[in-house]
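Summary of the model geometry
The lines below spell out each chain.
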Amino acid sequence: MGAQMTDGPTYRLHRTVVLVGMMGSGKTAIGRALAARLRVDFVDSDSAIEEAATQSIAEIFERDGEAFFRKREAEVLRRLLSGPPSVVSTGGGAFLSEANRDAIAEMGIALWLDADLETLWSRVRHKDTRPLLRTPDPKATLSEIFDLRQPVYAKAGLRLKIRHEASIEDTTSSALDVLQSYPNILETC
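Predicted model, so just to flag it, every value in this text is computed and none were measured.

Observations regarding the packing of aromatic side chains
To describe a pair of aromatic rings, one takes the distance between the centres and the angle between the planes. Using the criterion set out here, one finds two aromatic pairs in the structure. Ring plane angle 45 degrees and centroid distance 5.1 Å describe the contact between Phe61 and Phe69, whose orientation is recorded as tilted. Residue Phe61 shares its accessibility class with Phe69, and that shared class is buried. Plain terms: the ring middles of Trp112 and Tyr153 are 6.2 Å apart, the flat faces sit at 35 degrees to each other, and that makes the pair tilted. Placement of Trp112 in strand E5 (residues 108–114) and of Tyr153 in helix H7 (residues 138–153) is noted, with a sequence separation of 41 residues between them. Of the two residues, Trp112 and Tyr153, both sit in the buried class.

Below, the structure written as structure tokens:
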């Protein structure tokens, strides 16, 4: 839901901003803060999938497999893009689908939160909610996923390099700068 803030500039968002990037890049935290600053709704696509399925992402993966999950993910993403401009955070694999990339480019804009591997590992290493990292060597798995996905994330319309030491507030301000540098996405009122 959109948060109301009383200080700072007022913005008008013209297209839904879809945050893409690796697990641990900050899509949910930055998404919530960005939506609050823009005074628009924030939706985490993974949470929307879990709500629709009444199961966790891990349970969906285990019971129905990744292919089933990716199909539901595409349906939910398209539904979210069809609504009023908002901020959407996606699961790390959502942008890998060409159909999802096309839908985002057509109805919104992708903002890649580009974090380096060590930053990602420091953020996900103690979490057991990442089904793709349930392997004997999760850091090696993360590294493999990182290497495979970076070229795909580079196809995003916009990119924000994530600094490990930056606060959520600083990163959100940087995201606003990136959005304002692109025509027809965001205007200051």
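Section: the confidence of the model for the chain
Of all residues in the chain, 93% attain a pLDDT of 70 or more, and the chain-wide mean is 90. Here residues 1–6 is modelled with pLDDT under 50, and outside its nearest four sequence neighbours on either side it reaches 13 contacts, counting other chains as well.

Quick look at the sheet that holds E5
Taken together, five strands build an open sheet; the order of strands is E3-E4-E2-E5-E6 and the sheet is parallel. Single-partner strands in this sheet number two, and they are strand E3 (42–44) and strand E6 (158–161). Between one strand axis and the next, the sheet turns through 25 degrees on average, direction left out of account.

Quick look at the pairing of E6
A one-sided burial pattern is seen for E6, the buried positions being Leu158 and Leu160 and the unburied ones Arg159 and Lys161. Pairing geometry for E5 and E6, over four bridges, is parallel. Looking at E6, one finds that Leu111 is bridged to Leu158.

Details of the pattern of salt bridges
By the definition in use, this model includes nine salt bridges. In this structure, the salt-bridge partner of Glu118 is Lys139, at a minimum N-O distance of 3.2 Å. Of this pair, Glu118 sits in helix H6 (residues 117–124) while Lys139 is found in helix H7, placing the two residues 21 residues apart along the sequence. Since its relative accessible area comes to 31%, Lys139 is described here as partly exposed. Salt bridges here are not isolated pairs; linked through shared partners, they connect Glu66, Arg70 and Glu73.

Structural notes on unusual backbone geometry
Even without a glycine there, the phi angle at Arg39 is positive, about 60 degrees. Mapping Arg39 onto the fold places it in the loop between helix H1 (27–38) and E3. The partly exposed category is assigned to Arg39, whose relative accessible area is 24%. Despite not being glycine, Thr54 has its phi angle at roughly 50 degrees, a positive value. For Thr54, the location among the structural elements is in the loop between helix H2 (45–53) and helix H3 (57–64).

With respect to H7
For an α-helix, 3.6 residues make a turn, and residues three or four places apart therefore share a direction. Between its first and last C-alpha, H7 extends 21 Å over 16 residues, near the 22 Å set by a 1.5 Å rise per residue. Residues of H7 that are buried: Thr141, Leu142, Ile145, Phe146, Arg149, Gln150, Val152 and Tyr153.

Rules of the game
Residues numbered from 1 in each chain as written. Predicted model: local features only at pLDDT ≥ 70, side-chain atom pairs only at ≥ 80, totals over all residues. Heavy atoms only, no water. Phe/Tyr/Trp six-rings, centres within 6.5 Å; stacked < 30°, edge-to-face > 60°. Buried < 20%, exposed > 50% of the residue type's maximum accessible area, 1.4 Å probe, protein only. Helix = DSSP H or I, 4+ residues; strand = E, 2+ residues; numbered from the N terminus. pLDDT = per-residue confidence, 0-100. Contact = heavy atoms within 4.5 Å. Pairing = 2+ DSSP bridges. Axes fitted to C-alpha atoms, helices over the stretch in contact; angles between N-to-C directions. Salt bridge = Lys/Arg side-chain N within 4 Å of Asp/Glu carboxyl O. Expected span 1.5 Å × (residues − 1).

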